Amino acid sequence: MNTKQKARTAIHCLAIFLNLISITAHAQNAHYDAVLVATPPMGWMTWNYFGDKINEKDIKEMADAMVSSGMLDAGYHYLMIDDGWQGGRDSKNEMIPDPVKFPSGIKALAAYVHSKGIKLGVYSDAAQLTCGGYTASLNFEEQDAKTFASWDVDYLKYDYCGAPSDSITAKARYKKMADALHNSGREIVFGICEWGDRKPWLWAKNAGGQLWRISADIRDKWKTDKPWTDQRELHTIGAGVLDIVDVNADLAPFAGPGGWNDLDMLVIGLNGRKGPSGDLGGTGCSPTEYQSQMSLWSIMNAPLIATNDLRTMDDATKRILLNKEVIAINQDPLGKQAERKVKNRDWNVFMKPLKNGDYAVAILNRNSSEKAFSIDWKELGLNGSYTINDLWLKKDIGKGKKWAGKLQSHETKLFRLKKVS
Ligand code: GLA
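Everything numeric in this text was worked out from a predicted model, so none of it was measured. (Residues numbered from 1 in each chain as written. Predicted model: local features only at pLDDT ≥ 70, side-chain atom pairs only at ≥ 80, totals over all residues. Heavy atoms only, no water.)

## A word on the overall build of the chain
1) Next: In terms of regular secondary structure, the chain is built from 12 helices and 18 strands.
2) Next: Counting only C-alpha atoms and orienting by the principal axes, one finds that the chain spans roughly 80 × 60 × 40 Å.
3) Next: Across the 421 residues that make up the chain, the buried fraction comes to 56%.
4) Next: Long-range pairs, those at least 24 residues apart, make up 69% of the contacts in the chain between residues at least 6 apart in sequence.
5) Next: Total accessible area computed for the chain in this model is approximately 17600 Å², and 53% of it derives from carbon and sulfur atoms.
6) Next: Across the chain, the centroid of the 54 positively charged side chains sits 6 Å from that of the 50 negatively charged ones. (Helix = DSSP H or I, 4+ residues; strand = E, 2+ residues; numbered from the N terminus. Buried < 20%, exposed > 50% of the residue type's maximum accessible area, 1.4 Å probe, protein only. Contact = heavy atoms within 4.5 Å. Areas by Shrake-Rupley, 256 points an atom, 1.4 Å probe, with all protein chains shown as cover. Lys, Arg positive; Asp, Glu negative; His and termini not counted. Charge placed at Lys NZ, Arg CZ, Asp CG, Glu CD.)

Here is the structure:
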């Protein structure tokens with residue numbers, strides 16, 4: 001072989017090698033899309049109930065309650081530890097859990113939750129310190145990803161406090177951790193949490209994320225009292241359920257199997273409990289408003305991540321969080337986020353096509369009084385007659401080309417329409 005031929009062979013081998021890497025990366029992503037996050041993740045997260053006052057005893061109890069309450073059966077299968085678990089780094093710079101809060105370590109906790117069929121999530125941040133001031137992962141991405149993998153962690157929420165505000169840095173820092181997770185030898189779902197400030201729906205999937213927060217932190221309230229135009233204002237005035245619905249309403253094109261708009265936790269069942277969700281006007285929602293959150297999060301394909309105390313759930317909370325027909329709308333394999341088809345001061349109507357040809361329709365009364373509403377399905381582009389299954393009443397309530405009825409203030413009707421002719 002002469003030098004030219006040798007060079008050509010070397011280039012050829014390199015191309016095959018790069019191709020193999022790209023095929024492997026592609027196959028890995030395809031696996032994420034088709035299996036791990038083919039539908040929005042469901043689970044329970046520590047933050048809005050416990051804040052950073054977490055420990056292994058409470059978390060184990062919560063894992064037990066995920067099983068005994070029926071949450072796991074209903075599909076909530078991630079238990080995510082948010083900020084506050086970290087205890088710094090050891091002499092080899094390995095991240096360690098707080099020895100007082102987690103004396104048995106995270107690996108033992110993972111084994112405990114795995115034994116119940118639950119997956120475990122942890123939290124870090126793309127800077128030196130997290131939002132709560134704990135040790136974070138900047139410049140330790142490879143090492144921390146390997147540590148999380150060695151603990152058998154299944155999910156990482158990756159925050160952005162303390163990091164520069166520009167998008168270029170954000171994309172690079174998220175990609176660096178996503179690559180580190182891919183190289184860790186374990187499949188770890190990657191939740192990007194920069195609160196929608198840099199329009200992550202445009203880049204988060206390419207940066208390696210499987211879900212991305214689209215808004216400021218949710219508070220336990222229906223909506224903020226103050227008008228806002230840019231969602232970033234919600235950081236200081238406090239995002240309610242309706243505010244986040246409004247941020248997400250135009251983002252339907254960006255969600256689908258493998259990558260989801262994350263609307264933050266379900267505040268259902270917090271009932272005005274103080275804690276992070278209690279700040280900035282988070283004094284609680286009415287049962288109707290909590291039911292609306294479940295309806296709207298479900299039809300908009302949001303990850304369903306509860307944060308209430310599962311050990312003491314009342315029946316009203318269980319009725320909302322455990323409605324399997326509503327969850328089925330969220331987990332529908334077609335993976336289409338609902339579009340907002342009607343938008344005026346009092347009314348919003350969302351529509352989501354389902355895999356079997358049915359449609360989910362949510363009708364929301366934004367007004368602060370009870371009101372009457374009527375709709376011809378043609379207004380949503382649906383021709384023909386449909387049976388209407390009310391997913392909260394759990395029964396068929398009519399058949400035809402339209403629906404009319406009354407909605408309480410802030411109520412959302414959630415219907416499944418099946419074509420009859
Ligand atoms: C940020 C996130 C929250 C939570 C806290 C923890 O505010 O948006 O969801 O993780 O940090 O400190």
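## Looking at the state of the cysteines
1) Next: According to the stated counting rule, one finds 1 disulfide in the structure shown.
2) Next: Two residues, cysteine 131 and cysteine 161, share a disulfide whose sulfurs are 2.0 Å apart. Its torsion about the S-S bond being 95°, the disulfide of cysteine 131 and cysteine 161 is classed as right-handed. Of this pair, cysteine 131 sits in the loop between β5 (119–125) and α6 (141–150) while cysteine 161 is found in the loop between β6 (155–159) and α7 (167–182), placing the two residues 30 residues apart along the sequence.
3) Next: The class of cysteine 161 is partly exposed, set by a relative accessible area of 21%.
4) Next: Free of any disulfide, cysteine 193 has its nearest cysteine sulfur in cysteine 131, 6.7 Å distant.
5) Next: In this model cysteine 285 remains outside any disulfide bridge; the closest cysteine sulfur is found in cysteine 193, 20 Å from its own.
6) Next: According to the relative accessible area criterion, cysteine 285 is buried, its value standing at 12%. (Disulfide = S-S within 2.5 Å.)

## Comments concerning the packing of aromatic side chains
1) Next: Going through the model one piece at a time under the given rule, you end up with 14 aromatic pairs.
2) Next: A ring pair is formed by tyrosine 158 and phenylalanine 190, whose centres lie 5.6 Å apart and whose planes are at 45°; its orientation type is tilted. One end of the pair, tyrosine 158, is in strand β6; the other, phenylalanine 190, is in strand β7 (residues 189–193), and 32 residues separate them in sequence.
3) Next: Judged by relative accessible area, tyrosine 158 falls into the buried class, the value being 0%.
4) Next: With a centroid separation of 4.4 Å and 35° between ring planes, the pair formed by tryptophan 347 and phenylalanine 373 is classed as tilted. Of this pair, tryptophan 347 sits in strand β12 (residues 347–353) while phenylalanine 373 sits in strand β14 (residues 371–376); the two residues are 26 residues apart in sequence, bridging distant segments of the chain.
5) Next: Among the aromatic side chains, those forming a connected cluster through ring pairs are Tyr158, Tyr160, Tyr174, Phe190 and Trp203.
6) Next: In this arrangement the basic side chain of arginine 89 is found over the ring face of phenylalanine 140, its NZ or CZ atom lying 3.8 Å from the centre.
7) Next: Between the NZ or CZ atom of arginine 273 and the centre of the ring of tyrosine 49, over which it lies, the distance is 3.9 Å. (Phe/Tyr/Trp six-rings, centres within 6.5 Å; stacked < 30°, edge-to-face > 60°. Lys NZ or Arg CZ within 6 Å of the ring centre and 35° of its normal.)

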